[in-house]
Amino acid sequence: MRLSRYLIPTLRDAPSDADNVSAKLMQRAGLIRKVAAGLYDWLPVGLRVVKKVEKIVREEMDRIGGQEVWLPVVQPKELWEETGRWKIYGKELLRLKDRKNGEFCFAPTAEEVITDLVRREIRSWRQLPAMFYQFGLKFRDEIRPRFGVMRAREFLMKDAYSFHVDDADAGAYYEQVYQAYQKVFTRCGLRFKPVEAQSGAIGGSYSHEFMVLAETGEETVVACKACSYGANLERAECTAPAAQPQDAPAKLEEVHTPNMGSVAEVAKALDMSPVKFFKTQLYMADGVPLMALVRGDHELNEPKLARAAGAAMLDRCSETQYMGIAGCEVGFAGPVNLPRWKNPQGQMITVRIIADLALQGVANGVSGANRRDYHLKGINAGRDFQADAFADIRSATPADPCPRCGGAVEFTKGIEVGHTFKLGTKYSKAMNAAYLDAQQKSQIMVMGCYGIGVTRVVAAAIEQNHDDNGIKWPVALAPFTVVIIPVETDDAAVKEAAETLYKGLWDRGVETLLDDRAERPGVRFKDADLVGYPLRVVVSKKTLAEGEVEFKRRDGATPERIKLDAIEDRLFDWAQPVPAPPVAA
Ligand code: ATP
Ligand code: MG
């Protein structure tokens, strides 16, 4: 491409509402333009990057037997009602009506549609396993679209769905997808980490998220420094601390703690460590009260609590609900002498208590007395209250050991670019996707689903690879690998050398941009750094006089001189992206 005939509208300043590095750089470098909240135009140079990601993903999906399909973005309500998701998806689902008043949604994902296709077309165990994937536009009416295309409302996703005769086959295939994802992100030239994850609205029992590591990431990743363990903070396991020598049980005693509602205040007043505190929080779990206890120096982890409680909906209690359940304000509630709760039907119910594993080691602890301005000290679980369960319900800290090997962990930030789920029969059962087994018996298929946020990968690559001057594309994702800048655009020899190199590189498949604009060289150098082409060649009268051109890598090295007759071969070699890892046997 010749830049004089190609639209890369670079900007000196980012629009004021661009709220992270990639959103700023993608607009400044002319990759995208904002149309409305969470909706973007992809300009030619931006789309080239999307296509690069798409190509890598497609190749790796094909290598594990994926069959590419194309599913509708506008999907009928009836299918979404079969799984109950028409109701539970909530406001993220954009709903529309057609001219006949038929109700539809704009696809946020496609489990229903693909399961419907498969139940109609696949009948026999002989046709399984099967994996179908697509590159499809998704729309999610995110509460807070932000960070440019990273959390957009409309975005491009590769979504894949696999169907199996049983759990064992689905599990074995999950491993293959996991390996394919490793190849995808390796080939993209990104630093990443797969982590164990909590499955959200899509559901399923087991899942991994693939995180591109970047300081600006929204997610906290707990990674073991010694082994391969990695987990999302929502999920990272905490082990119970080793048993400590116990103090002899003390007498339960009420202490006056006027206006002291926080662990820190009470700990100071009583001159005790927060480690001795049963920190108390009340929730409504599927409409029933639940008391959660964690150690005073720990943080409660709501996704873990929801799992431990087996609750689909977990809501923090309001001040009024605290009064109704514990008879006191937030900050003074505790597990001892907890009143029974009257449910809306008028029945008296014992409030369920789930305590964190770390509390098993606390003797003579402190907690609220269920009475304003009072706490209790000398609390011993078992003697003074009964926990219904001790479970892992707190967030890991950097001081926690790795739950697998006991090694030290580190906390890093990441951007979720891919997600794999073992779905089990959640959708196939609801939609009756069945096959006939070898005995002609009908069986429900077992499913998996696997997403990659193609457009989010583009933004994540920038978050990970940039400097003050602009983007630093990994070769595999660069919109053009080489940019040639002829300094004197009106000089015949300079022009000819630049054109010859340009044509030669294209003939050998190296995607090259010729910046032939009649702009000052300084402007063109700045643009080249901003858009971030990995390799830059400057052709000038001065260097040509010595039979040379100037070459510079975007990733930092200082410019070097290279012989004109050697440059094409050198560029060809450097332009090769990370090779694909070998295909598994
Ligand atoms: P998140 O927790 O970030 O909202 P999710 O769990 O809702 O993600 P999935 O439903 O697993 O995401 O979707 C698969 C992939 O699609 C994600 O891994 C992510 O890369 C991408 N994705 C999800 N939501 C968005 C969005 N609003 N904008 C761009 N990409 C997205
Ligand atoms: Mg989401």
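What comes next concerns the included structure. (Residues numbered from 1 in each chain as written. Chains lettered and ligands numbered in written order. Predicted model: local features only at pLDDT ≥ 70, side-chain atom pairs only at ≥ 80, totals over all residues. Heavy atoms only, no water.)

**Thoughts on the pairing of strand β15 (residues 288-295)**
Here's step 1: Counting buried residues along β15, seven of its eight residues qualify, which places the element largely inside the surrounding structure.
Here's step 2: The pairing of strand β14 (residues 278-285) with β15 spans eight bridges and is classified as antiparallel. Its bridge partner being in β15, L282 is matched across the sheet by M291.
Here's step 3: Between β14 and β15, which pair antiparallel one after the other, the connecting turn spans two residues, and D286 there sits at a positive phi close to 50 degrees.
Here's step 4: Where β15 lies against strand β19 (residues 352-356), four bridges are found, and the strand directions are parallel. Bridge pairing links M291 to I353 in β19. (Buried < 20%, exposed > 50% of the residue type's maximum accessible area, 1.4 Å probe, protein only. Helix = DSSP H or I, 4+ residues; strand = E, 2+ residues; numbered from the N terminus. Pairing = 2+ DSSP bridges.)

**Let's talk about the packing of aromatic side chains**
Here's step 1: Under the definition given, this model contains 14 aromatic pairs.
Here's step 2: Note on Y133 and F135: the rings are 6.0 Å apart at their centroids and 85 degrees apart in plane angle, and the pair reads as edge-to-face.
Here's step 3: For Y133, a relative accessible area of 1% corresponds to the buried category.
Here's step 4: The buried category is assigned to F135, whose relative accessible area is 11%. (Phe/Tyr/Trp six-rings, centres within 6.5 Å; stacked < 30°, edge-to-face > 60°.)

**A closer look at the side chain of R151**
Here's step 1: For R151, the position within the fold is in the loop between β7 (130-139) and β8 (154-164).
Here's step 2: For R151, a relative accessible area of 18% puts it in the buried group.
Here's step 3: Separated by 3.2 Å, the side chains of R151 and E142 make a polar contact.
Here's step 4: At 3.5 Å, the side chain of R151 forms a polar contact with the side chain of E218.
Here's step 5: Apart from the residues within four sequence positions on either side, R151 is in contact with E142, R144, P145, R146, E218 and R456. (Polar contact = N/O pair within 3.5 Å; in protein donor to acceptor, adjacent residues only side chain to side chain. Contact = heavy atoms within 4.5 Å.)

**A few points about the sheet that holds strand β30 (residues 512-514)**
Here's step 1: Taken in spatial order, the five strands of this open sheet run β30-β29-β31-β32-β33, and their pairing is mixed. Strands with a single pairing partner mark the edges of an open sheet, and in this sheet they are β30 and β33 (560-563). Averaged over all pairs of adjacent strands, the angle between their axes in this sheet comes to 30 degrees, without regard to strand direction.
Here's step 2: Bridge analysis of strand β32 (residues 548-553) against β33 gives four bridges, and the strand direction is antiparallel. Within the sheet, the bridge partner assigned to V549 lies in β33 and is I562.
Here's step 3: Sheet contacts for helix α15 (residues 564-574): β29 (482-486), β31 (535-539), β32 and β33; angle to β33, the most-contacted strand, approximately 110 degrees. (Axes fitted to C-alpha atoms, helices over the stretch in contact; angles between N-to-C directions.)

**Focus: the packing of helix α2 (residues 44-63) against helix α6 (residues 167-187)**
Here's step 1: One can describe the packing of α2 onto α6 by two numbers: an axis separation of 9 Å at closest approach and a directional angle of 155 degrees. Taken together, the axis directions place α2 and α6 in an arrangement best described as roughly antiparallel. Regarding α2 and α6, the two cross each other, and that crossing is right-handed. Contact residues: α2 offers I56, V57, E59, E60, M61 and R63, while α6 offers A180, Y181, K183, V184 and R187. (Parallel < 35°, antiparallel > 145°, perpendicular 65-115°, else oblique. Left-handed = near helix turned anticlockwise from the far one by under 90°.)

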